[in-house]
Amino acid sequence: MKTFGTSLARGLGAAVLGVLLWQAVVTLADLPRFILPAPLLVAETLWKSRVLILENAWITLIEVLVGLFLGAILGGLSAIGLAASPFARSFLRPMLVFSQAVPVFALAPILTLWLGYGLWSKVAMALLIIYFPVTSAFFDALMRTPPGWLHLAQVMGADKRREMWLIRIPAALPGFASGLRLAAVYAPIGAIIGEWVGASKGLGYLMLLANGRAKIDLMFAALIVLAVMTLLLHAAVDRFCRWLTRHS
Amino acid sequence: MEYGTLSMRPAPSLYLTGTARIGGARIFGPLSLIAEAGQWTCVLGSSGVGKSTALRILAGLDQDITLDGEAGAGDGLPLAGRVALMAQSDLLMPWLDVTGNVTLGARLRGEAVDLERARAVLLRVGLGEHLHKRPPELSGGQRQRVALARTLMEDRPVVLLDEPFSALDARTRADMQDLAAELLQGRTVLHVTHDAAEAARLGQRILLMTEAGVDEIAPPAAPVPRAFDAGETLAFQASLLRRLMVTQ
């Protein structure tokens, strides 16, 4: 746990430094509170509006977690499908690449139109934004199974599906894990964009609302909660990934 | 409990004649190579002479090789399903324990896993205390013992060895040579090596493979594995090395 303690100490150190810089900018430049509120004011607002912020953070967290879960499953299955079938590769891979040519952000209004203002349009945004990194990282790893293992399997008379399940997938788990780690950082972006386009709840919605009413301190408070949430999510996913690749 | 039953069919002889190319570049040939039924044949040659390519053709791993000639079993039946392969790298799966690695072939084919026999085989190769360790916990010699156990577990009449002991230290190598010679007895073994000492110890027949083709060299009369320190073995090793130097 020494490394965890060290990284925690470093993180806290960086946070303290950031807050000091922030306060220095506010004091030295004499910025008005509707441009950049002082850290203390934001902390005060964070505490006073904690119920409001947590209620909305909860909604965003659910969107992110459902999106991450579905995106990981869908991305994982797509990668396996692509790796297993040259036919699927020749058809779906160009489509996959083309889909990346459309900025996912631009799809947000359409998703809101189709799926409504509730949970699912945000889940779909989070899912879309993480689908490609998960699929491509896992797929690349699935296509790079060490040839010696595949030769051994072939001489053993392996069935192709069993070879996939017993050799190629376990060997590619580190690739899947690196896709998931990226996804943990991207998924909140998707959910927030979804909320900006149309929502009645969530941290993204709260930030827009606070901005519209010139409650910049509340906007910053929501932003800080969002950042902490993303960090915790990343740490949790990282832990899971370490467990997943413990024998790789 | 038997650890190697040779239950399938009597071990066939192997033959390979012709010229092999990969992507238009000649790898070896024209040559003619025969491994007699139930005998341990060493193919001795320097790196790049095409020994491993010859082995890959017989193992059925010839997707990218064009053989202008013929290869197969002397009994005319297909080799697929009758061959086991042991390579220089142990090719163990790090996510499986020792028992899991030894029984991988059965699971890849969807057959019932005979854990009793796996245990017996592992006891026989001296790994009785490591049944549930994972490869990273084992030494190089122990890992190669697992690979030998996996080969025995496959119980194939033909065993192809691609320099399986060359990465081991001298003492471990000698131990492994003894163990393999004892346990693979009765099978048709084709053993590719660049080590004259190894060929002198193990070969019941010795084929010297050079750019010019394949030459058979009569080994000492002593049964294999020959003592590494016997004058006869050492003198033969020296003569092999001399031949190897001259023909380059």
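Everything numeric here is computed off the predicted structure, so don't read it as measured data.

Participant: Looking at this structure, I do not really get the overall build of chain A. What am I missing?
Facilitator: When you go through chain A residue by residue, the secondary structure sums to 10 helices and 0 strands. Listing every helix and strand of chain A by position from the N terminus yields α-α-α-α-α-α-α-α-α-α. With the principal axes as the frame, chain A shows a C-alpha extent of 75 × 50 × 30 Å. The contacts of chain A with a sequence gap of at least 6 include a subset with a gap of at least 24, amounting to 79%.

Participant: What's the story with the domain arrangement of chain A in this structure? I'm lost.
Facilitator: As assigned here, chain A comprises domain 1 (1-30) and domain 2 (33-244). Just the C-alpha atoms count here: the centres of domain 1 of chain A and domain 2 of chain A sit 27 Å apart.

Participant: Help me out: how do you make sense of the sheet that holds strand β2 (residues 25-35) of chain B in this one?
Facilitator: The strands making up a sheet are joined through hydrogen bonds of the backbone, oriented either antiparallel or parallel. Residue and element names in this part refer to chain B. The strand order across the open sheet built from 3 strands is β2-β1-β4, with neighbouring strands paired in antiparallel fashion. A strand with exactly one partner marks an edge of an open sheet, and here the two such strands are β2 and β4 (65-73). Geometrically, the sheet is characterised by an average inter-axis angle of 5° between neighbouring strands, direction not taken into account. Two elements, strand β1 (residues 14-22) and β4, share 9 bridges in a ladder whose sense is antiparallel. The partner of isoleucine 22 across the bridge, within β4, is isoleucine 65.

Participant: Hey, could you run me through the sheet that holds strand β9 (residues 213-217) of chain B in this one?
Facilitator: All names here are of chain B. Reading across from one edge, β5-β6-β7-β3-β8-β9 is the order of the 6 strands in this open sheet, with mixed pairing throughout. Both outer strands of the open sheet, β5 (83-86) and β9, are each paired with one neighbouring strand and no more. Across the sheet, the mean angle separating the axes of adjacent strands is 20° when strand polarity is ignored. Here strand β3 (residues 40-44) pairs with strand β8 (residues 205-210) via 4 bridges, running parallel.

Participant: Got a minute to help me understand the packing of helix α8 (residues 160-197) of chain A against helix α10 (residues 216-244) of chain A in this structure?
Facilitator: Axis angle and axis distance: for two packed helices, these are the angle between their axes and the distance between the axes, and together they describe the pair. Residues and elements named next belong to chain A. Their axes nearest at 9 Å, the elements α8 and α10 cross at an angle of 170°. Between α8 and α10, the angle falls in the class roughly antiparallel. Of α10, the residues touching α8 (which contributes Leu173, Ala177, Leu180, Arg181, Ala184, Val185 and Pro188) are Leu226, Met229, Thr230, Leu233, His234, Val237, Asp238, Cys241 and Leu244. Here the residues of the contact of α8 with α10 are counted per class, giving 12 nonpolar, 2 polar and 2 charged.

Participant: In this structure, what is going on with the environment of Pro146(A)? I would like to understand it.
Facilitator: Residues and elements named next belong to chain A. By the element assignment, proline 146 lies in the loop between α6 (119-142) and α7 (147-155). Judged by local crowding, proline 146 falls into the exposed class, with 12 C-beta atoms found within 10 Å. Distance from proline 146 to leucine 36, taken between C-alpha atoms, is 54 Å for residues 110 residues apart in sequence.

Participant: What is the right way to look at unusual backbone geometry in this model?
Facilitator: For residues besides glycine, phi is generally negative; the peptide bonds are generally trans as well. Omega for the bond connecting Gly29(B) with Pro30(B) falls within 30 degrees of zero, at 5°, which places this linkage in the cis form. At the junction of Val224(B) and Pro225(B), the peptide bond is cis and its omega measures out at -5° in the coordinates. Along the chain, Pro225(B) falls in the loop between β9 and α8 (231-246). Although it is not a glycine, Ala214(A) adopts a positive phi angle of roughly 60°. Mapping Ala214(A) onto the fold places it in the loop between α9 (203-212) and α10. Positive phi is not limited to glycine here, since Glu163(B) has a value of about 45°. Residue placement: Glu163(B) occurs in the loop between β6 (158-162) and α6 (170-183).

What counts, and where the lines are drawn
- Residues numbered from 1 in each chain as written.
- Chains lettered and ligands numbered in written order.
- Predicted model: local features only at pLDDT ≥ 70, side-chain atom pairs only at ≥ 80, totals over all residues.
- Helix = DSSP H or I, 4+ residues; strand = E, 2+ residues; numbered from the N terminus.
- Contact = placed C-beta atoms within 7 Å.
- Domains from an automatic or database assignment.
- Pairing = 2+ DSSP bridges.
- Axes fitted to C-alpha atoms, helices over the stretch in contact; angles between N-to-C directions.
- Parallel < 35°, antiparallel > 145°, perpendicular 65-115°, else oblique.
- Nonpolar A, V, L, I, M, F, W, Y, C, P; charged D, E, K, R; others polar.
- Buried ≥ 20, exposed ≤ 12 C-beta atoms within 10 Å, placed from the backbone.

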